[in-house]
Amino acid sequence: MADVVVLGSANMDLVVTTDRLPGRGETIAGGTFRQVPGGKGANQAIAAARAGGTVRFAGAVGDDDLGRRIVAALASAGVDTTAVGRAGVPTGTAHITVAAGGDNTIVVVPGANGTLTDLLPAHAYAIATADTLLLQLELPLPVVQAAATHAHALGVRTILTPAPARPLSDDLLAAVDLLVPNEHEATLIAGVDDPYRAAQLLAKHCDVLLTLGERGAVHVTADAEPVAVPAFPVTAVDTTAAGDTFVGVLAVALAAGAAMPDAMRRASAAAALSVQQPGASDSAPTAARIDAFLGGAA
Ligand code: ATP
């Protein structure tokens, strides 16, 4: 029995640094090269496990070295990887070029992630035995819909991070308990320019937790006053995966029975810790670090 099951993407991020982004048709010299396990699904699973949750990851990798290294990274963070499928195509990769000053380009090759078009029996079982399901939009939409419908029918709390942003059907929103968009995602999905207005419109379908970067997060529901929780004032050096850390830790706190404002505060603390370090999943804090940070902030 896992508190939290994450159905989502697992990629190897292949990151090169350059002085500047190359022009069209141009070849330039790179600086450093790093391979970092990533994908929003794997990032959320690692953040949730490091924060002390019992976490299972349901996804797919290829039968290749990159896939084995991603599974090893998940396992070493304490994530149960027994529901990770092996696809007959290569592991998903994200090809990231980061120029001095922070400009970047990213090409994502879905690979094994793209083979998950329907719910595998192992994934359906993982969902049925969990308290909370975490979903994002880096897998094909039909499997996201199938997982949300399955979880909804079983009364498993379903939290959807709608990234990368795309229009969502009313059917999918109706099967979700909590939608966690950032401002860009909220406005795109609701089709209005104002993120607060967008959150109010989306809250007609499901609860909404709108994240606002360094301005914190606000919980918007159809029948209660919005609850805002500020971000912790810290000096950010790398905000990559702040949202994934936030959601992973939020899910663990909710699964443990925390009230929403307390879960939001814990998730904000974890995200504040993660943005102070370079990296993505590797910068997610442990439960002990979150406790110490909150103790110091109290
Ligand atoms: P990303 O795409 O970078 O993973 P996101 O756009 O999904 O992030 P954000 O709204 O940027 O999500 O951030 C999620 C939460 O992380 C915020 O609600 C806040 O609590 C925390 N956070 C983000 N940026 C900062 C920051 N600079 N300082 C402190 N906390 C931050």
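An unreviewed UniProt entry lists the protein chain under the name Ribokinase, with Actinocatenispora sera as the source organism. Its UniProt record gives the protein chain a comment under Sequence similarities (unreviewed entry), which states: "Belongs to the carbohydrate kinase PfkB family. Ribokinase subfamily." As its UniProt record puts it under Subunit (unreviewed entry), the protein chain is described as follows: "Homodimer."

Asker: Hey, could you run me through the nonpolar core in this one?
Answerer: As a rule of thumb, nonpolar side chains are buried together in soluble globular proteins. Residues Leu7, Leu133, Leu135, Val144, Leu160 and Leu168 are the most contacted members of the largest nonpolar core, which totals 42 residues. The element contributing the most residues to this core is helix H4 (residues 141–154), with five residues. Setting aside residues no more than four positions away along its own chain, leucine 133 makes contact with Val5, Leu7, Ile127, Ala147, Ala148, Ala151, Val156, Arg157, Thr158 and Ile159. Phe57, Ile159, Leu250 and Ala251 belong to the second-largest nonpolar core, a separate cluster that totals 38 residues.

Asker: Would you explain the environment of alanine 269 in this entry?
Answerer: Along the polypeptide, alanine 269 turns up in helix H9 (residues 260–275). The sequence separation of alanine 269 and histidine 219 amounts to 50 residues, and the corresponding C-alpha distance is 16 Å. Not counting residues up to four positions away in its chain, the partners in contact with alanine 269 are Phe232, Ile290, Phe293 and Leu294.

Asker: What should I look at first to understand the site of the ligand in this one?
Answerer: The environment of the ligand is formed by 20 residues, the closest being Asn182, Thr211, Gly213, Thr239 and Gly243. Within the backbone of threonine 239, an N or O atom sits 2.9 Å from an oxygen atom of the ligand. Contact with the protein chains removes 84% of the 630 Å² of surface that the ligand exposes when unbound. Residue assignment for the shell around the ligand shows that the elements contributing at least two residues are helix H8 (242–255) and H9. For the shell around the ligand, the element with the highest residue contribution is H8, accounting for four residues. Of the residues that constitute the shell around the ligand, the class distribution is eleven nonpolar, seven polar and two charged.

Asker: Even after reading the chapter, I still don't get the pattern of salt bridges, so can you show me in this structure?
Answerer: Any two side chains of opposite charge can pair, so long as their charged atoms come close to each other. All told, the structure shown has eight salt bridges when counted by the stated rule. Two residues, lysine 40 and aspartate 244, come together in a salt bridge whose shortest N-O distance is 3.0 Å. Note that lysine 40 is positioned in helix H1 (residues 40–50) and aspartate 244 in helix H8, a separation of 204 residues in sequence. Judged by relative accessible area, lysine 40 falls into the buried class, the value being 18%.

Asker: What's the story with H4 in this structure? I'm lost.
Answerer: Given 3.6 residues per helical turn, the α-helix brings residues three or four places apart onto the same face. The end-to-end C-alpha distance of H4, which contains 14 residues, comes to 20 Å, matching closely the 20 Å that a straight helix rising 1.5 Å per residue would cover. Along H4, the residues that are buried comprise Val143, Val144, Ala147, Ala148 and Ala151. An end-on view of H4 places all buried positions within 130° of arc, on one side of the element. Away from its buried face, by an angle of more than 90 degrees, H4 presents the exposed residues Pro142 and Ala153. Of the residues one or two after H4, glycine 155 is the one with positive phi, at around 75°.

Asker: What am I meant to see in the packing of H8 against H9 here?
Answerer: Each pair of packed helices can be summarised by the angle the axes make with each other and by the distance between the axes. Taken N-terminus to C-terminus, the directions of H8 and H9 make an angle of 145°; their axes are 8 Å apart at the nearest point. Regarding H8 and H9, the two cross each other, and that crossing is right-handed. Seen from H8, the contacting residues are Ala242, Thr245, Phe246, Val249, Leu250, Ala253 and Leu254; seen from H9, they are Met260, Ala263, Met264, Arg266, Ala267, Ser268, Ala270, Ala271, Ser274 and Val275. Of the residues in the contact of H8 with H9, the class split is 13 nonpolar, three polar and one charged.

Asker: Just to check I follow, could you spell out the sheet that holds strand S2 (residues 11–18) for this structure?
Answerer: The pairing of strands in a sheet comes from backbone hydrogen bonds and takes either a parallel or an antiparallel form. Read from one edge to the other, the open sheet built from four strands follows the order S3-S2-S6-S7, with strand pairing classed as mixed. Since the sheet does not close on itself, it has two edges, and those belong to strand S3 (33–38) and strand S7 (104–109), each with one partner. Going from strand to strand, the sheet's axes swing by 20° on average, the running direction of each strand aside. Across six bridges, the pairing between strand S6 (residues 92–99) and S7 is antiparallel. Bridge pairing in S7 links isoleucine 96 to isoleucine 106.

Asker: Before we go on, may I ask you to explain H9 in this structure?
Answerer: In a regular helix each residue adds 1.5 Å, so 16 residues correspond to 22 Å; H9 covers 22 Å between its end C-alpha atoms and thus fits that length. Judged by how many residues are buried, H9 sits mostly within the fold: twelve of 16 residues are covered. Taken residue by residue, H9 has Met260, Ala263, Met264, Ala267, Ser268, Ala269, Ala270, Ala271, Ala272, Leu273, Ser274 and Val275 as its buried positions. Packing partners of the buried residues in H9 comprise strand S10 (178–179), strand S11 (207–211), strand S12 (217–220), strand S13 (227–229), H8 and helix H10 (287–297).

Asker: Sorry, what's going on with the UniProt feature "binding site: ATP" (unreviewed entry) in the protein chain here?
Answerer: Under the feature "binding site: ATP" (unreviewed entry), the UniProt entry names Asn182, Thr211, Leu212, Gly213, Glu214, Arg215, Gly216, Gly243 and Asp244. Structurally, the position occupied by arginine 215 is in the loop between S11 and S12. Given a relative accessible area of 48%, arginine 215 falls into the partly exposed group. Those residues in contact with arginine 215, other than ones at most four positions away along the chain, are Glu183, Tyr196, Pro230 and Ala231. In this fold, glycine 216 is placed in the loop between S11 and S12. Given a relative accessible area of 7%, glycine 216 falls into the buried group. Apart from the residues within four sequence positions on either side, glycine 216 is in contact with Leu210, Thr211, Val229, Pro230 and Ala231.

Thresholds, definitions, all that
Residue numbering note: each chain is counted from 1, following its sequence as written. Local features in this predicted model are restricted to residues whose pLDDT is 70 or higher, and side-chain atom pairs enter the listing and the counts only when it is 80 or higher, whereas totals over whole chains, interfaces and linings include all residues. Processing note: side-chain calculations cover all non-hydrogen atoms of the structure and skip hydrogens and water entirely. UniProt positions are given in the numbering used here, feature names are shortened, and annotations may be inferred rather than shown by experiment. Among buried residues, the Ala, Val, Leu, Ile, Met, Phe, Trp, Tyr and Cys ones that are joined through side-chain atoms within 4.5 Å form a nonpolar core. Accessible area is worked out with a 1.4 Å probe on protein chains only. A residue is then buried under 20% of its type maximum, exposed over 50%, and partly exposed in between. Numbered from the N terminus, helices here are DSSP runs of H or I no shorter than four residues, and strands are runs of E no shorter than two. The contact criterion used is simple: two residues touch if any of their non-hydrogen atoms lie within 4.5 Å. We call a residue near a molecule or strand when any one of its heavy atoms sits within 4 Å of it. Under this definition, polar contacts are N or O atom pairs within 3.5 Å; protein pairs additionally need one hydrogen-donor-capable and one acceptor-capable atom, and for neighbouring residues in sequence, both atoms have to be side-chain atoms. We get accessible surface area from the Shrake-Rupley algorithm with a probe of 1.4 Å; when it comes to residues, only the shown protein chains can shield them. Three categories are distinguished: nonpolar for Ala, Val, Leu, Ile, Met, Phe, Trp, Tyr, Cys and Pro, charged for Asp, Glu, Lys and Arg, and polar for the others, with Gly belonging to the last. Throughout this description, the term salt bridge denotes a Lys or Arg side-chain nitrogen within 4 Å of a carboxyl oxygen of Asp or Glu. Working rule for helices: expected span equals 1.5 Å times residues minus one. Here the arc refers to the set of directions running from the helix axis out to each C-beta atom. To get an axis, fit a line to the C-alpha atoms, keeping to the stretch in contact for a helix; angles then go from 0 to 180 degrees between the N-to-C directions. The hand of a helix crossing depends on one turn: near helix anticlockwise from the far one by less than a right angle means left-handed, and clockwise means right-handed. The pairing criterion for strands is at least two bridges between them, as found by DSSP.

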